[in-house]
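An overview of the molecular structure
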Amino acid sequence: MNTVTLKRDGSILSDGKTVETDPLVCLSYQVDLNDDYILRSFFRMLEKHSLLAKLNVFFPSYMEQYLACPDDNCKTENIDHLELRKTVEMIGFPGQPRLEIYNSFQGISGAETCEIRSLQFDSLLDMPVKLGKLKHMVFGDKVDIFEFDTVFTLFEFIEGIAWELSFHVAPTECALRR
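Throughout what follows, the structure given in this document is the object of discussion. These numbers were taken from a predicted model, which means no experiment stands behind them. Every chain is numbered on its own, with residues counted from 1 as its sequence reads. Predicted model: local features are reported for residues with pLDDT of at least 70 only, side-chain atom pairs are reported and counted for 80 or more only, and whole-chain, interface and lining totals are derived from all residues. Note that water and hydrogens are dropped before the side-chain values are worked out from all heavy atoms of the structure.

Below, the discussion takes up the sheet that holds strand 2 (residues 12-14). Any two strands with at least two DSSP-identified bridges between them are counted as paired. To qualify as a helix, a DSSP run of H or I must reach at least 4 residues; to qualify as a strand, a run of E must reach at least 2; elements of each kind are numbered from the N terminus. Reading across from one edge, 3-2-1-4 is the order of the four strands in this open sheet, with mixed pairing throughout. Every other strand in the sheet has two partners, leaving strand 3 (17-18) and strand 4 (30-33) as the edge strands with one partner each. Bridge analysis of strand 1 (residues 3-6) against strand 4 gives four bridges, and the strand direction is parallel. Bridging across to strand 4, Thr 3 finds its partner in Gln 30.

Below is the structure:
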């Protein structure tokens, strides 16, 4: 599988070279993050590659909030880092069993996960971002949860963060009309 490395300054590297144009060809590539990658790096990537910002309708609102934030020291003491994880969950037994596969973007404090929805957007931008494991749950049994190493594609990475932020912030697209 082809791999892209995402750098702190928002650059995307493929085969050791900076992707200058057409980042869409990299959407199916496996993501690797530099050790110093932070959430601000994600928004820098969207600034450098405006085509990627068209992947989600909420990105213009996120970018507006990002640009209004201070240039540094946007951290919280409530979590150690942010982490993108995958979950494979078998649910619905007895009855109609089904399999759900989804990504989640959460805060990590020690060994505990926590929702980031209650944290201010400007307290997350300089928090480290890491790639987590795949969690496999069988019929909601919290005892038999298995964790595996996994990979994330660039598309999963972008959409996983965008999905969580869509609940975290209140973009204008979600405003109620009177």
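By size, the foremost hydrophobic cluster in this structure holds 42 residues, and its most contacted members are Leu 6, Leu 39, Phe 42, Phe 43, Leu 82, Leu 154 and Phe 157. Those elements giving two or more residues to this core turn out to be strand 1, strand 4, helix 1 (39-48), helix 2 (59-68), strand 5 (81-91) and helix 3 (154-168). At six residues, the largest contribution of residues to this core is made by helix 3. The residues touching Leu 6, leaving out its near neighbours within four places in the chain, are Ser 11, Ile 12, Val 31, Asp 32, Leu 33, Asn 34, Tyr 37, Met 45, Leu 154 and Phe 157. Nonpolar cores were defined as sets of buried Ala, Val, Leu, Ile, Met, Phe, Trp, Tyr and Cys residues, with membership established by side-chain atoms within 4.5 Å. Buried residues are those whose accessible area, probed at 1.4 Å on protein chains only, stays under 20% of the maximum for their type, while exposed residues exceed 50% and partly exposed ones sit between those limits. We call two residues in contact when some of their heavy atoms are within 4.5 Å.

By the secondary structure assignment, Lys 133 is in strand 8 (residues 129-138). Separated by 17 residues in the primary sequence, Lys 133 and Thr 150 place their C-alpha atoms 5.7 Å from one another. If near-sequence neighbours (up to four positions away) are discounted, Lys 133 is found in contact with Arg 85, Lys 86, Glu 147, Phe 148, Asp 149 and Thr 150. Think of a polar contact as two N or O atoms within 3.5 Å of one another; within protein, one of them needs to be a possible hydrogen donor and the other a possible acceptor, and neighboring residues in sequence only count if both atoms come from side chains. Looking at Lys 133, its side chain comes within polar contact range of the side chain of Asp 149, at 3.1 Å.

Only C-alpha atoms enter the line fits that serve as axes; for helices the fit covers just the stretch in contact. Angles between N-to-C directions range over 0 to 180 degrees. For the pair helix 1 and helix 2, the least separation of the axes is 11 Å and the interaxial angle reads 115°. With respect to the hand of their crossing, helix 1 and helix 2 are arranged in left-handed fashion. Residues Arg 40, Phe 42, Phe 43, Arg 44, Leu 46 and Glu 47 of helix 1 lie in contact with helix 2, whose contacting residues are Phe 59, Tyr 62, Met 63, Tyr 66 and Leu 67. Polarity classes work like this: nonpolar for Ala, Val, Leu, Ile, Met, Phe, Trp, Tyr, Cys and Pro, charged for Asp, Glu, Lys and Arg, and polar for all others, with Gly in that last group. Split by residue class, the contact of helix 1 with helix 2 holds eight nonpolar, no polar and three charged. Put simply, a crossing is left-handed when the front helix is turned counterclockwise from the back one by less than a right angle, and right-handed when it is turned clockwise.

Stacked, tilted and edge-to-face pairs are distinguished by plane angle, under 30 degrees for stacked and over 60 for edge-to-face with tilted covering the rest, among Phe, Tyr and Trp rings (Trp via its six-membered ring) whose centres lie within 6.5 Å. In total, this model carries eight aromatic pairs according to the counting rule given. Where Phe 58 meets Tyr 62, the ring centres are 6.3 Å apart and the plane angle is 35°; that geometry is what we call tilted. Here the two residues Phe 58 and Tyr 62 agree in accessibility, since each one is buried. Every member of this aromatic cluster is reached through a ring pair, and the members are Tyr 37, Phe 42, Phe 43, Phe 58, Phe 59, Tyr 62, Tyr 66, Phe 121 and Phe 157.

All right, on to unusual backbone geometry then. We note that Asp 15 has phi near 55°; this positive angle belongs to a residue other than glycine. Looking at the secondary structure, you find Asp 15 in the loop between strand 2 and strand 3. With a relative accessible area of 72%, Asp 15 lands in the exposed category. Positioned with a positive phi, Asp 22 is a non-glycine residue whose angle comes to about 50°. Among the structural elements, Asp 22 can be located in the loop between strand 3 and strand 4. By relative accessible area, which is 40% here, Asp 22 ends up partly exposed.

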